[in-house]
Each structure stands twice: as C-alpha cells, then as structure tokens.
Amino acid sequence: MAASHTLPHPHDIRKSGVLVLNGYGIRVQVSAGHLLLHDGIADDRRTIRLPRVNHGLKRLVLIGSDGFITLEALRWISDVGAAFVMLDRRGQVLAVTGPVAASDAKLRRAQALALGNGAALKISKELISQKLAGQELLVRDMLYDSATAGTIARFSVVLPSAESIDRVRLIEAQAAKAYWQAWANVLIHWPRKDECRVPEHWKVFGSRISPLTHSPRLAASPANACLNFLYSVLESESTLAASAMGLLPEIGLLHSDAPNRNSLSCDLMEVCRPKCDAFVLHWLQSEPLRKSDFWEDRNGNCRLVSALATRLSETADTWRKLVAPVAEYVAQELWSSISKSKSTLARQLIATRLTQRNKREVKGSDVPGVSQPKPEHVCGNCGVKIRGDKTLCSKCAKQATRKNFRVGRKMAQRPEHLARRSETMRTHRRAIQGWEPSTLPGWLTRDIFVKRVVPALAHVPKNEIRNALGVSEPYASDIRVGRRCPHPRHWQALARLVGVLR
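Caption draft 1: How the structure looks around the packing of aromatic side chains. Per the counting criterion, the structure on display carries 11 aromatic pairs. Here Tyr 179 and Trp 180 contribute two aromatic rings whose centre-to-centre distance is 4.9 Å and whose plane-to-plane angle is 70°, an arrangement assigned as edge-to-face. According to the relative accessible area criterion, Trp 180 is buried, its value standing at 16%. Pairing Trp 190 with Trp 202 gives two aromatic rings, centres 6.0 Å apart and planes at 20°, and the pair type is stacked. Residue Trp 190 is found in the loop between α5 (165-183) and α6 (222-244), and its partner Trp 202 is found in the loop between α5 and α6; the two are separated by 12 residues along the sequence. Its relative accessible area of 3% is what places Trp 202 among the buried residues. A connected cluster of aromatic rings, assembled from ring pairs, spans Tyr 179, Trp 180, Trp 183 and Phe 205. The ring of Trp 180 has Arg 208 sitting right over it, with the charged end atom 5.4 Å from the ring centre.

Caption draft 2: Fine view of helix α7 (residues 263-286). With 24 residues, α7 extends 34 Å from end C-alpha to end C-alpha; this agrees with the ideal 34 Å at 1.5 Å per step. Helix geometry: α7 is bent most strongly at Val 271, by close to 55°, with proline Pro 274 lying one to four residues after it. A large share of α7 lies buried, amounting to 20 of its 24 residues.

Caption draft 3: Structural view of the side chain of Ser 306. Its place among the elements puts Ser 306 in helix α8 (residues 306-313). Leaving out residues up to four positions away in the same chain, Ser 306 has contacts with Asn 22 and Arg 89.

Caption draft 4: Representation of the packing of α6 against α8. The N-to-C vectors of α6 and α8 enclose an angle of 45°; their axes lie 10 Å apart at closest approach. Considering the angle they form, α6 stands oblique to α8. Two packed elements cross with a definite hand, and for α6 against α8 that hand is right-handed. In this structure, α6 contributes Cys 226, Phe 229, Leu 230 and Val 233 to the contact, and α8 contributes Leu 308, Ala 309, Leu 312 and Ser 313. Here the residues of the contact of α6 with α8 sort into seven nonpolar, one polar and no charged.

The rules we used
Residues numbered from 1 in each chain as written. Predicted model: local features only at pLDDT ≥ 70, side-chain atom pairs only at ≥ 80, totals over all residues. Heavy atoms only, no water. Phe/Tyr/Trp six-rings, centres within 6.5 Å; stacked < 30°, edge-to-face > 60°. Buried < 20%, exposed > 50% of the residue type's maximum accessible area, 1.4 Å probe, protein only. Helix = DSSP H or I, 4+ residues; strand = E, 2+ residues; numbered from the N terminus. Lys NZ or Arg CZ within 6 Å of the ring centre and 35° of its normal. Expected span 1.5 Å × (residues − 1). Bend = angle between axes of the 7 residues up to and from the residue. Contact = heavy atoms within 4.5 Å. Axes fitted to C-alpha atoms, helices over the stretch in contact; angles between N-to-C directions. Parallel < 35°, antiparallel > 145°, perpendicular 65-115°, else oblique. Left-handed = near helix turned anticlockwise from the far one by under 90°. Nonpolar A, V, L, I, M, F, W, Y, C, P; charged D, E, K, R; others polar.

That's the geometry; what it means functionally is another story.
Next comes the structure, spelled out in structure tokens:
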C-alpha cells in the first residue's frame, strides 16, 4: 500500500506557481492558517500544506469534479493573490475565480456599447489580424505549406476593409478552414510497442471537426483532445485577465452573446490560439505520443488521463503571459471609446495591471518575452520518459545494440565483407614488411611511448587516431584507452598527433 505523504516538495509547485490537483475525493480547506489540500486515487494520495508566506502559489488548478473546496479556502486563495481554476478532461472550463481588481462602471458601460459605436469592430479586426498572422507563420514555418500560407495572407489583406462584425467572422472562418486543412495530413507518431494498439484514425491529425458533435468538441483523436484541453486552460487565463482589467468576461465583442459562455474570454483567446497550436504541433513533430496517456470512451470520445492533463495544465503560466497584453489592449481601446470632455487633450491611459507596461516604459525597460513550454521527451520504442537528446531509453538501447550486433556479425561473414577485410590485412602486412626500424627516431623508445604518448591519447578523439593511422574505429578506440599497443611504425604519427616531439 502506497502511503500518503505531506508536502510541499519543490517539484509539486512549479516555478511558474501552478499547482494541479486531480483524482477523487479532492479536498481544499484551511487548517491553522495553512491551505490544506488532499488529492490522488485510492491509496496513492498526497497531502499538501501551504503557508500564507513563501508558498509560491499563483494558480490552483483542479481537474475533476469529485470533492469539495470550502469558502474559507477560496478566501485564503484570494488573499494571497492566487486564482482557482476547475477543469474537466473533455476540454471544458467548469469554474474560474481569482483576485478581482477595482472596476470602473464607465469601462463596463463602454464594453456594453462597443457593438454600436464601432469600437467592437476595430478591436475585432485587430484581434483577428494578429491571429491570421500567427496562423500564416505556423503554416509556412512548421508545416511548410506556402500555398495555404498565401491563402491566409490574402484573407489578412481583405480583413481591414470589413465593414461589420459578421464580415470579420466570415473572413476568420474561411481562413480557419484553409488552416485546419493544412493540418489534416500531420502524422501522429507512437512508440513502436503502441503502433499496433491504437486505432488508425489516431495515427493522423485528420479533421478538426469531431464526427461525434460536428464541432471541435468531444474530440475523437488524441491531437484534437490535447488542443481542446489547452484551449480550456487558455480560456480560464483569458477570463482571469478580463476580470483583472475590470471587464465583464460574459459580454463579447467578436463572439456573440450566448448562455453559459464567456464571450469576451473567447475574443481574447483568438490571438493566442496559434501559440497553443504551435506547442501541440511541435510536440507531434518531435515526440511520439503514448497510448497510456489517452483512453477512448464508449462513444468514441478520446479522453486524457490525469498525468497528461496535469502536464498540460502546468503550462498555464505561459498562456497567462501571452494573453495579458491582449486584455490590456482591449481594455485600453474600450476606455478610449468613452467620449471625453474637450478639455481632455491627451489620451488617458488605464492601469496595465497584468504586464506593468506603463511602469516599464517610464523606467525604460521592456516587457519580458514569453518562452514556449517544451513537450516531455520519451523513448521512441517503449514511451518511457527520458532525459537528454537520446531517442531510446537505456533498456531499449541495450536491446537495440544486441540486435544490431547480431545483425552486424552476420553481415561481417558475407563474402564481399570477408574479401574487404582480407585485403585490409594484406595491406597492413605489406606495410609492416616494408617498414625500416631505422626510420624511427632514437629518442622514441617503447618506454617513452607508454609513459608520455599513451596518456596523452586519452584526450584525442578516436576519429583523429583512425584517420592518422588508417585503422578501424574499434582498433583506434583500443589504442586511445591503452588497451592495445600499435606497431612501432605508428608511434611517430601518434607522438606528432599529441605534440610529443622530443
């Protein structure tokens, strides 16, 4: 039985301040002034105890719906300036709450009137323009599809002439159709042990539209399931950013009002969607997915396991930084749409709470750049997590080495390889027979070679030894470590190679 343990350890709260809870019977409460958290499955559970000071918490992400959080815990999270996000594995935001800044009724009134005074159209054009630019860059640089990139660029050229929100939506939809068609043939790589265990439609990205709902929701393939979940994380960050700027997340500008939807959050997401897409595409192109990270529901819906959902949730800080300037831009444009008195000549700036851009401009510093998160590196054969740039884990590498060694031994016994080896040996015998011991310098004795030259060879690449002597790579490796002593005819060349001239 796995014992529960009390944390925090450094690896539980990321440097970004994101802490993810998942499992069943989750509890979030306050005990003796500390935030007490319990999560896990069955006997594999953990207890995390966070103090009010030096906790490092910025986002508490809960994946699932089995458990409880007390009102006192919500107050504790708000007091320390953190946010609480509740998600499910299907890619839906269930609840978002965070620190609420002081709001201005004028700004919210401007948000409500933006559709009638032209501010919504101006903002929508800018948001979609940035989105199309990001999609064009991704298709050109990562999918190497210049034709589709040109198509998206033509839609970008037409966008400024749009005279209504409906026209902006139509242009965005047409560009999205071409964009996702470029994704259709992206191959999904799996470890060799999983290739025969996954459905055929899991081996290619396919259509962004799910056959279950005729919309992106309820994805039927792993890549689309990952996109949906990341979009949920991005939506929660957009909601928090809108609230922090004093805006109402429910009142949209580009997206029409709909029940149970934060339309303004969907607006802010548009600029950052290509960044999420780039993260997933880089993952698909550089790393194999693992079947153990996904499971298929009875209706064909592809779902994420807790471990993968946790890893994706931990990227929340990246999307927070990317959506922050977008929320500030929207708030500033809405504020500028308010009619000012004639005595107000200068454009009044609102507080940039998310990026501190105004303060940075006064100090002469720039807003720091945002680095993209990196996908987990796994073995291409068994799918286990590995470090470094190796393609196989140590266990699979040993098996591959044994297999290659056996294949190599069989190939070495072929007539053509035996003939080449015999010719090489005859060449070396003729060189030994034609060598005159008198050509060896008198000072270069065997004792000098063993004591001065051999130790220095340890710092010489074996390829240089191989090229200098015209011998095989294994023999050069044996010479380098002192396992084999070469013929005296090679001593002078090796002494010259390591710089021992006298």
